[in-house]
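Here are the chains, one letter per residue:
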Amino acid sequence: MKPLILIILISINPNWNADSAFVVVKKGRDALVANDYQKAEELFDAGLKLAGVGDSLTIQNAYRYKGILEEYRGEYSYAIKYFNKSLSYARDEDFKFRSNVFNDIGSSYHYLSEYDSAIAYYTTAFELAKKDSMLQERGMILGNMADVYCDQEEYHQALQLLRQNKNHFKYDLHKEI
């Protein structure tokens, strides 16, 4: 049985294509941001059903957002499965997307208190971010790694990362304060 949202979308325009699937997934993201998890999930599923076989961009985004949804729900193991599924559709040269997803996986492992796995995924995210000049993302990833070390009471390691972190922002945060 098709979800109600998909039935409504197809009845409005029976000629939905890959662009339409992408729009449906983006609307799902908007519902996720608005904390309407049920609607978000329905829209992600509808977008996946509308996406064609070659529409890897829509599919990778839908699975990433489903992972984020599961993370919001506290279902970190499911989140990791969706994030990994998302990566299976990502192009190797899409460093930014892949970096963000590896960071997402690191966060899920952090929530599960699987610190070694979290650090491993954050490290991969950081390496990918370096390939795409993602200064702010690198700073965020280093901050996430520092959080893991703080949770393990390895404060010296966390402090080293935070010192390194200031080099990954476009301006000096210390001057702003």
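Thresholds applied
Residue positions within a chain follow its written sequence, with the count starting from 1. Whole-chain, interface and lining totals are the exception, using all residues; otherwise, since this is a predicted model, local features are given only for residues with pLDDT of at least 70 and side-chain atom pairs are given and counted only at 80 or more. Hydrogens and waters are ignored; side-chain quantities use all the structure's heavy atoms. Residues belong to one nonpolar core when they are buried, are Ala, Val, Leu, Ile, Met, Phe, Trp, Tyr or Cys, and are joined through side-chain atoms within 4.5 Å. Residue burial is assigned from relative accessible area. The probe radius is 1.4 Å, only protein chains are included, and a residue is buried under 20% of its type maximum, exposed over 50%, and partly exposed in between. Here a residue-residue contact requires only that any non-hydrogen atoms of the pair lie within 4.5 Å. Each helix corresponds to a stretch of at least 4 residues labelled H or I by DSSP, and each strand to a stretch of at least 2 residues labelled E; elements are numbered beginning at the N terminus. For helices, the fitted axis covers only the stretch in contact; all axes are lines through C-alpha atoms, and the angles between them, taken along N-to-C directions, range from 0 to 180 degrees. Angles are sorted into four bins: roughly parallel if under 35 degrees, roughly antiparallel if over 145, roughly perpendicular if 65 to 115, and oblique for all others. Each residue gets one label: Ala, Val, Leu, Ile, Met, Phe, Trp, Tyr, Cys and Pro are nonpolar, Asp, Glu, Lys and Arg are charged, and the others, such as Gly, are polar. We call a crossing left-handed when the near helix sits turned anticlockwise from the far one by less than a right angle, and right-handed when that turn is clockwise. Note on definitions: salt bridges are taken to be side-chain nitrogens of Lys or Arg within 4 Å of carboxyl oxygens of Asp or Glu.

Let's talk about the nonpolar core
Judged by nonpolar contacts, the single largest core of 44 residues is most densely connected at Ile 105, Ile 141 and Met 145. Not counting residues within four places of it along the chain, the set of residues in contact with Ile 105 comprises Ile 80, Phe 83, Asn 84, Leu 87 and Tyr 121.

Quick notes on unusual backbone geometry
For Ser 113, which is not glycine, the phi dihedral falls at a positive 60°. Checked against the element boundaries, Ser 113 lands in the loop between helix H6 (95-111) and helix H7 (115-130). Of the residues examined, Ser 113 reaches a relative accessible area of 44% and is grouped as partly exposed. The phi torsion at Ser 133 lies on the positive side, around 50°, for a residue other than glycine. Given the relative accessible area of 61%, Ser 133 is considered exposed.

Notes on the packing of helix H8 (residues 135-151) against helix H9 (residues 155-165)
Where H8 contacts H9, the two axes come as close as 8 Å, and the packing angle between them is 170°. Between H8 and H9, the crossing angle belongs to the class labelled roughly antiparallel. Every residue of H9 that contacts H8 at Gly 139, Leu 142, Gly 143, Met 145, Ala 146, Tyr 149 and Cys 150 is listed here: Tyr 155, Gln 157, Ala 158, Leu 161, Leu 162, Gln 164 and Asn 165. Residue composition of the contact of H8 with H9, grouped by class: nine nonpolar, five polar and no charged.

Re the packing of H6 against H8
The geometry of H6 relative to H8 is characterised by a closest axis approach of 11 Å and an angle of 15° between their N-to-C directions. Between H6 and H8, the angle is such that the two are roughly parallel. You can see that H6 and H8 cross each other, and the crossing is left-handed. Contacts from Lys 96, Ser 99, Asn 100, Asn 103, Ser 107 and His 110 in H6 reach Glu 137, Met 140, Ile 141, Asn 144, Asp 147, Val 148 and Asp 151 in H8.

Topic: the pattern of salt bridges
Applying the stated criterion across every chain yields a total of eight salt bridges. Here Glu 137 makes a salt bridge to Lys 96, at a shortest N to O gap of 3.8 Å. Taken together, the residues Glu 137 in helix H8 and Lys 96 in helix H6 connect sequence positions 41 residues apart. Each member of the salt-bridge network shares a partner with another, and the members are Glu 41, Glu 70 and Arg 73.

Examining the environment of Asn 103
Among the secondary structure elements, Asn 103 is positioned in helix H6. Counting along the chain gives 23 residues from Asn 103 to Phe 126, while the straight-line C-alpha distance between them is 8.1 Å.

Focus: the environment of Met 134
Turning to its location among the elements, Met 134 is positioned in the loop between H7 and H8. Considering only alpha carbons, one finds Met 134 and Ser 99, 35 residues apart in sequence, at a separation of 9.4 Å. In this view, Met 134 contacts Phe 95, Lys 96, Ser 99, Asn 100 and Ala 129; residues no more than four positions away in its chain are not counted.

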